[in-house]
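# Overview (structure and organization)
What follows is each chain in one-letter form.
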Amino acid sequence: MKERARFAPSPTGPLHIGGVRTALFNYLIAKKNGGDFILRIEDTDAKRTVLGAEDHIKDSLKWLGLKFDEGPIKQSERKSLYKNCVEELIKKGLAYYAFDSAAELESARKESNGEFKYNYETRKSMINSFTVSEEEIKNRVERGGYVIRMVVPEKETITVNDEIRGSLSFNSNEIEDKVIMKSDGMPTYHFANVVDDHDMKITSVVRGEEWLSSLPSHITLYNHFGWSPPKFYHLPLILKSTGQGKLSKRNAEEQGHPIFAVQWEESKGFKESGYTPEGILNYLALLGWKGKNEAEKYTLDELIECFDSNDINKSGARFDIKKALWVNHLHLKDFSSKKILSLSEQAKSLLEKKYSVGVCEEIVGLIKERLNTVFDVEKEVYVFVGQPKNYDADAIEKITRNTIYDILNFCKLNEELISEPFSLKESLTSFGSENEISFGNIMKTLRLCMVGSLSGPDLFKIIEVIGHDETLHRIECLINKI
Ligand code: GLU
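Everything quoted here is computed from the prediction, not taken from an experiment. (Residues numbered from 1 in each chain as written. Predicted model: local features only at pLDDT ≥ 70, side-chain atom pairs only at ≥ 80, totals over all residues. Heavy atoms only, no water.)

### Thoughts on the pattern of salt bridges
Filter applied, for reference: Here, a salt bridge means any Lys or Arg side-chain nitrogen found within 4 Å of an Asp or Glu carboxyl oxygen. Helix and strand labels come from DSSP, where a helix needs a run of H or I of at least four residues and a strand needs a run of E of at least two; each type is numbered from the N terminus.
Taken as a whole and assessed by the stated rule, the structure comprises 35 salt bridges. A salt bridge links Lys31 to Asp69; its shortest N-O distance comes to 2.8 Å. Of this pair, Lys31 sits in helix H1 (residues 17–32) while Asp69 sits in the loop between helix H2 (53–64) and strand E3 (70–74); the two residues are 38 residues apart in sequence, bridging distant segments of the chain. In this structure, a network of salt bridges that share partners links the residues Arg6, Arg40, Glu42, Arg78, Asp196, Asp197 and Asp199.

### Side note on the site of the ligand
As a reminder, the rule being used: For this purpose, a residue is taken to be near a molecule or strand whenever a single non-hydrogen atom of the residue falls within 4 Å of it. N or O atoms within 3.5 Å of each other form a polar contact, as long as, within protein, one can give a hydrogen and the other can take it, and as long as residues adjacent in sequence are counted only when both atoms are side-chain atoms. All accessible-area figures derive from a Shrake-Rupley calculation using a 1.4 Å probe, and residue coverage is judged against the displayed protein chains alone. Only Asp, Glu, Lys and Arg are considered charged, only Ala, Val, Leu, Ile, Met, Phe, Trp, Tyr, Cys and Pro nonpolar, and every remaining residue, Gly among them, polar.
Around the ligand, a shell composed of Arg6, Ala8, Pro9, Ser10, Glu42, Tyr189, Asn193, Arg207 and Trp211 is seen. At 2.6 Å from a nitrogen atom of the ligand is found a side-chain nitrogen or oxygen belonging to Glu42. Surface burial for the ligand is 84%, taken as the share of its 300 Å² of free accessible area covered by protein chains. When its residues are assigned to classes, the shell around the ligand shows 4 nonpolar, 2 polar and 3 charged.

### Examining helix H5 (residues 134–143)
We apply this condition: Here's how the labels work: a residue is buried when its accessible area is under 20% of the maximum for its type, exposed when over 50%, partly exposed in between, all with a 1.4 Å probe on protein chains only.
Across the 10 residues that make up H5, only a small minority, 1, are buried. The first or second residue beyond H5 is Gly144, which carries a positive phi of 80°.

### Here's the deal with the sheet that holds strand E8 (residues 179–181)
As a reminder, the rule being used: If DSSP finds at least two bridges between two strands, the strands pair. Only the contacting stretch of a helix is used when fitting its axis, a line to C-alpha atoms as for every element, and angles between N-to-C directions run 0 to 180 degrees. Contacts are assigned to residue pairs that have any heavy atoms within 4.5 Å of one another.
With antiparallel pairing, the 3 strands of this open sheet are ordered in space as E4-E5-E8. Either end of the sheet is taken by a strand with one partner, and the two such strands are strand E4 (95–98) and E8. Across the sheet, the mean angle from the axis of one strand to that of its neighbour is 45°, orientation sign disregarded. The pairing of strand E5 (residues 147–150) with E8 spans 2 bridges and is antiparallel. Looking at the pairing, Arg149 lines up with Val179 of E8. Running over the sheet, helix H3 (residues 79–92) touches E4, E5 and E8 and is turned about 125° from E8.

### Section: the packing of aromatic side chains
Put simply, the test is: A pair of Phe, Tyr and Trp rings is counted when the ring centres sit within 6.5 Å of each other, with Trp represented by its six-membered ring. The angle between the planes then sorts it: under 30 degrees is stacked, over 60 is edge-to-face, the rest tilted. The criterion is that NZ of a Lys, or CZ of an Arg, lies within 6 Å of the ring centre and within 35 degrees of the ring normal, and then a charge sits over that ring.
Summed over the entire model, instances satisfying the criterion amount to 19 aromatic pairs. A centroid spacing of 6.1 Å and a plane angle of 40° characterise the contact between Phe191 and Phe225, whose relative ring orientation is tilted. In this pair, Phe191 is assigned in helix H6 (residues 189–199) and Phe225 in helix H7 (residues 215–225), connecting sequence segments 34 residues apart. Phe225 shares its class with Phe191; the two are buried. An aromatic cluster is built from Phe191, Tyr222, Phe225, Trp227 and Phe232, whose rings are joined through pairwise contacts. A cation sits over an aromatic face here: Arg21 above Phe25, 5.6 Å from the ring centre.

Written out as structure tokens, the structure is:
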């Protein structure tokens with residue numbers, strides 16, 4: 001049987017990173033087995049539907065490169081399917097009309113100190129198909145304003161299997177006769193979800209751990225219809241960096257990192273914060289899964305190859321933005337120079353004003369190791385296009401102005417050496433030992449002069465790329481400044 005996994009978000013808000021992780025695991029489970037990845041929009045709750053949320057879901061998946069083979073399939077367009085299925089259960093006596101008003105339900109709740117559960121016992125004293133005559137059912141149905149509930153059998157053990165957690169048993173008496181069709185004629189999440197998974201021939205249901213408690217109700221529905229259930233994978237929660245509590249938008253804001261893949265309203269996504277889809281997908285795969293070879297860096301194709309659902313963890317996964325950044329770095333540094341330039345328009349145009357395409361790519365090769373985000377490209381190539389805007393004052397104090405002056409003056413007097421970095425290095429070494437200036441200070445001075453700070457790519461490569469005149473110009477600039 002062909003593997004079919006679906007990502008089934010509700011468009012009740014933007015797609016946050018936890019939802020993206022669910023989409024990714026669905027994608028991996030489908031693709032690992034050569035199957036289909038399907039997008040289903042669970043939009044049966046019109047009141048909670050947020051304008052733009054569906055587009056945000058699609059834009060996020062698109063940016064990440066998680067292409068769906070089918071969809072988006074929208075539940076709001078499949079009402080007749082759910083209606084037929086509800087009727088089937090009513091006929092079988094496995095679903096029933098419930099006519100209780102909001103006030104009646106409220107008073108039942110009050111009487112039981114908030115413990116009220118509509119179930120095998122309480123249904124006997126409420127207003128529903130079990131307690132009113134055929135005639136009255138007909139009349140009340142004609143008047144509308146009712147809901148339909150599923151029958152949960154009394155005193156049964158419902159056994160469910162979760163691929164990650166193993167076999168779990170639930171006492172049916174603890175489970176409510178859930179509403180499956182609302183008074184507006186729309187199915188509830190539980191009902192549409194089960195009907196669709198069956199109708200769409202879904203083989204693997206992969207979703208967040210918060211849905212585990214709904215599983216016995218879902219299994220009851222499968223049993224009512226006589227359908228065999230798919231495999232279930234309830235993914236571990238994504239926790240705050242402290243390990244305490246679920247990662248939330250508020251918590252992400254406090255920590256100063258994105259929570260969405262792509263921008264939502266004022267909230268910048270990982271995309272707008274300089275992350276790559278490759279880095280984000282890779283990091284999310286590690287939230288709850290670890291490859292057998294303990295590797296940390298995977299492309300999407302490598303993930304498909306290495307992914308084994310048996311290696312998904314049960315326990316919550318801590319979100320660590322530093323690790324996300326590091327994983328992003330692992331990808332950026334391995335991209336081709338051409339690809340890196342295509343990610344930063346600004347860096348590309350800065351470089352192309354000065355250099356040939358070949359040299360531009362060579363320059364990017366020199367800075368790759370230093371990239372954490374896409375924004376770093378522009379920052380890092382700047383050294384090849386303009387003199388430093390300012391100089392690290394602490395470094396100047398440490399090396400001392402006199403020493404800096406002596407070193408730079410030596411370079412200026414021997415300017416013909418600039419075009420031959422190797423000879424420049426050699427004569428600077430002898431200059432240093434003759435004047436008791438450490439080689440470390442010589443290198444620091446030159447770096448300060450070329451870059452403005454004590455970090456940056458290979459110094460003599462910078463000198464080679466920017467050439468004699470620009471190097472001399474930067475030397476003179478710093479001489480004049482100190
Ligand atoms: N619509 C549900 C959600 O928003 C889907 C849960 C499931 O995958 O069954 O998470």
